[in-house]
Amino acid sequence: MRKFLVVLDDSRECLNAMRFAAMRAAHTGGGVTVLSVIPPDEFNHWIGVAEVMREEARERIHAHFEVFAKWMRDKQGVEPELAIREGDPVPQIIEHVQSDSEIGVLVLGAGTDKKGPGPLVTQLTRNSGSLPIPVTIVPGDLSKEKLEAIT
């Protein structure tokens, strides 16, 4: 089964990437893997404090994931899986793609502000020539109706 990999983060554009991945998976009989990466700078504290912060980050990720997972199950009939990694986001995304041969497409949401599409889109498109899968970039301000029409 081909899976769509989508990155769960705190960005607004993440929502459209999630929707797109779930709709495409539903239309093609594929699956969705939701990847969240905990950056290393969140844990630059004493060991005890870092462990508590790491656990709190995981709890936030699980809660955030469950909101998207419920929508995917209820509206698209897709059962997503969650993967959590720790480290710098871009290398972790690339490592995850390389570790799961069922992942066929990386789906990213592009930001809409004047600073550009966002750090993940910028960095991963620079590396896209060496990725073993295609990258789909979903515009952050694409309406829900437009998303439904193109998937």
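This report concerns the structure included in the present document. (Residues numbered from 1 in each chain as written. Predicted model: local features only at pLDDT ≥ 70, side-chain atom pairs only at ≥ 80, totals over all residues. Heavy atoms only, no water.)

Regarding the overall build of the protein
Where we set the bar: We count a stretch as a helix when DSSP gives it H or I for four or more residues in a row; a strand needs E for two or more, and each element gets its number in order from the N terminus. With the radius of gyration taken over C-alpha atoms, the globule rule is written as 2.2 Å times the number of residues to the power 0.38. For every residue, the accessible area obtained with a 1.4 Å probe (protein chains only) is divided by the maximum for its type, and the residue is called buried under 20%, exposed over 50%, and partly exposed between those limits. Each accessible area is a Shrake-Rupley result for a 1.4 Å probe, and residues are judged covered by the shown protein chains and nothing else. None of His or the chain ends enter the tally, which takes Lys and Arg as positive and Asp and Glu as negative. The atom standing in for a charge is NZ when the residue is Lys, CZ when it is Arg, CG when it is Asp and CD when it is Glu.
Per the secondary structure count, the protein includes five helices and five strands. Its helices and strands taken in sequence order, the protein reads β-α-β-α-β-α-β-α-β-α from the N to the C terminus. In terms of C-alpha radius of gyration, the protein reaches 15 Å, essentially the compact-globule figure of 15 Å for 151 residues. In the protein, which comprises 151 residues, the proportion classed as buried is 44%. Carbon and sulfur atoms form 51% of the exposed surface of the protein, whose accessible area is close to 8,200 Å². The distance from the centre of the 17 positive side-chain charges to the centre of the 22 negative ones in the protein is 7 Å.

What to know about the side chain of Q92
Threshold: Between two residues, a contact is recorded if the distance between any of their heavy atoms is within 4.5 Å.
Here Q92 lies in helix α3 (residues 89-99). What Q92 contacts, discounting residues up to four positions off in sequence, is L35, V37, R85, E86 and G87.

Topic: α3
Those residues of α3 that sit buried are V90, Q92, I93, I94, H96 and V97. Looking at the buried positions of α3, the neighbouring elements they touch are β1 (3-7), β2 (31-38), β3 (81-86), β4 (103-110) and α4 (119-126).

So, the pairing of β1
Spelled out, the test is: Any two strands are treated as partners once DSSP identifies two or more bridges connecting them. Handedness rule for crossovers: strands pointing away from the viewer, path from the first strand over the helix to the second running clockwise, crossover right-handed.
Across the five residues that make up β1, a large majority, five, are buried. Side chains K3, L5 and V7 project from β1 onto one buried face, and the interleaved F4 and V6 project onto a second face that is buried too. Bridge analysis of β1 against β2 gives five bridges, and the strand direction is parallel. Bridging across to β2, F4 finds its partner in V32. As a crossover connection, the stretch from β1 through helix α1 (residues 14-28) into β2 is right-handed.

Side note on the environment of D141
Within the secondary structure, D141 is located in the loop between β5 (135-139) and α5 (144-150). On the basis of relative accessible area, D141 is assigned to the exposed category, the value being 61%. Once the C-alpha coordinates of D141 and N127 are considered, the two residues, 14 residues apart in sequence, prove to be 24 Å apart. Discounting chain neighbours no more than four positions away, the residues touching D141 are N16 and T112.

Section: the pattern of salt bridges
Quick reminder of the rule: Salt bridge, as used here: a side-chain nitrogen of Lys or Arg that lies within 4 Å of a carboxyl oxygen of Asp or Glu.
Applying the stated criterion across every chain, the model contains nine salt bridges. For E81, the salt bridge identified is with K3, shortest N-O distance 2.9 Å. Remark: K3 occurs in strand β1 and E81 occurs in strand β3; sequence separation between them is 78 residues. R73 serves as the salt-bridge partner of E66, at 3.3 Å between the closest nitrogen and oxygen. Here R73 falls in the partly exposed class, since its relative accessible area comes to 31%. Each of the salt bridges in this network shares a partner with another, and the network as a whole consists of K3, E81, D100 and E102.

Considerations on α4
Stated precisely, the cut-off is as follows: Relevant arc is that of directions from the helix axis to the C-beta atoms, nothing else.
Buried within α4 we find L120, V121 and L124. Take α4 and look down its axis: the buried residues cluster within an arc of 95°, on one side only. Away from the buried face of α4 by more than 90 degrees, exposed residues P119 and R126 are located. Of the surrounding elements, those touching the buried residues of α4 are β1, α3, β4 and β5.

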